[in-house]
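Residue-level structural notes
Residues per chain, in single letters:
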Amino acid sequence: MNRIPNHDSTHRSNDAVCWGSFYALTIVVSAMLFFPYVYSGSDFNPGPGLILLAITFLTIKRWTGAFLMVLCQTMLLLLEPQASHQQVFKHGLVWLALPVFLIMAVSRFRTLQERNPQTLRGVFAPVASFATNVAVPTSLVQNFGSAVVQLLRTGLLITGCSISAWIIMKMVPIGDADIGFSTLREFRLKASGYRLLILGLSIFVVYVLTWIAVTEISWRKLSPSQASIFLRSVFIKYYHRDLRMITLKRLKIRRKRARSIQPVSPDEFPAAVKGKT
Amino acid sequence: MLFVVREIAGWGLVAIALFLIRMGINFVSDPADPKIVEAGVIMFAATAVLRSGIMLVRVSTAARICSKEKT
């Protein structure tokens, strides 16, 4: 009886290795297709090339890498001079976009498969149901919905971060020899903005002083047990980092194990109970 | 005695942090030549020093409470 799960787990791990190799290979091949188009018609600059290479390798491990890659491409298209645009459009934008989308898709599938093989099936099931006219179980539709929501959430987060970083970087003068880091004009600060800055700093100082006074007064009213708990946690944090690391690792493994136990969906529950009885 | 030394060191760090904050404010307070980037760097350092000072004060206070309980 015990042999069957062992065989099953070995089979599953072999499958995972095969799929992992396939995904890595696809990403590398797509990157090889994609790089000549990025640098066609321009002198080779190793800096951006290395960044793009690092992002491509990041997609093998992390799904966020694919988003970064798309953002980098969009930024390159916006920042590069018009001549380079013509070059890209002459070679065909499709040939540039296709490998990027392929890398994105492969990275996403790999992430989904690593998380849960059921999820990947759930993503495709509603699409397949249009063609076959077969009703899809509710749990699969929910999986599809949650995958789309997660996708949108990640996209929104990265886009928001990029826009805020762009706005901040826009305020710092870079690349012009006449511009320094000192005057209001260079930072595009209006009189009202400057006043806000000074007021904000003044409020920060008042806040810091009040915070120190209040927290220190309340801190001196700690009970001995509370103080000993605090001391233990501080000493473990600073003097016994190895113990802290072991405890955190154990917690992480425990959480991972709890997440890997699949909850039984309401549709399957009666059947599962019947099978046991 | 050791607790007192730690507490004094902690309050010293807090004082240094407040001095750094004042320095940061001085950097931006001149409207003709405000040094905003320098002020940002100083404020960041001041926050780090403040946190460590407060931490030292808290540890020494907690240790004093624990030692009082033992005796």
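Here the structure is shown first, and the text comes after it.
Our subject in this report is the structure included herewith.

Examining the interface of chain B and chain A
By convention, interface size is frequently given as the accessible area that disappears when the constituent parts associate. Across the contact, 22 residues belong to chain B and 22 residues belong to chain A. Sorting the residues of the side of chain B that touches chain A by element identifies helix 1 (2–29) and helix 2 (36–70) of chain B as the ones contributing at least two each. Considering every element that reaches the side of chain B that touches chain A, the biggest residue donor is helix 2 of chain B, with 13 residues. Residue composition of the side of chain B that touches chain A, by class: 16 nonpolar, two polar and four charged.

What about the nonpolar core?
Counting residues in hydrophobic clusters, the biggest one holds twelve residues: Val14, Ala17, Ile21, Phe27, Val28, Ile36, Ala39, Ile42, Ala46, Leu50, Ile54 and Val57 of chain B. For this core, the elements supplying multiple residues, two or more each, are helix 1 and helix 2 of chain B. Residue contributions to this core peak at seven residues, all from helix 2 of chain B. Residue contacts for isoleucine 21 of chain B: discarding those within four places in its chain leaves Val205 of chain A together with Met43 and Ala46 of chain B. Counting residues in each nonpolar core, the second largest holds eleven residues, with Ile27, Leu52, Ile55 and Ile103 of chain A among its members.

A look at the environment of valine 29 of chain A
You can see valine 29 of chain A is positioned in helix 1 (residues 3–38). For the pair valine 29 of chain A and isoleucine 103 of chain A, spaced 74 residues apart in sequence, the C-alpha separation works out to 9.4 Å.

What counts as what
- Residues numbered from 1 in each chain as written.
- Chains lettered and ligands numbered in written order.
- Predicted model: local features only at pLDDT ≥ 70, side-chain atom pairs only at ≥ 80, totals over all residues.
- Contact = placed C-beta atoms within 7 Å.
- Helix = DSSP H or I, 4+ residues; strand = E, 2+ residues; numbered from the N terminus.
- Nonpolar A, V, L, I, M, F, W, Y, C, P; charged D, E, K, R; others polar.
- Core = buried A, V, L, I, M, F, W, Y, C linked by C-beta atoms within 7 Å.
- Buried ≥ 20, exposed ≤ 12 C-beta atoms within 10 Å, placed from the backbone.

Read these as geometric descriptors, not functional statements.
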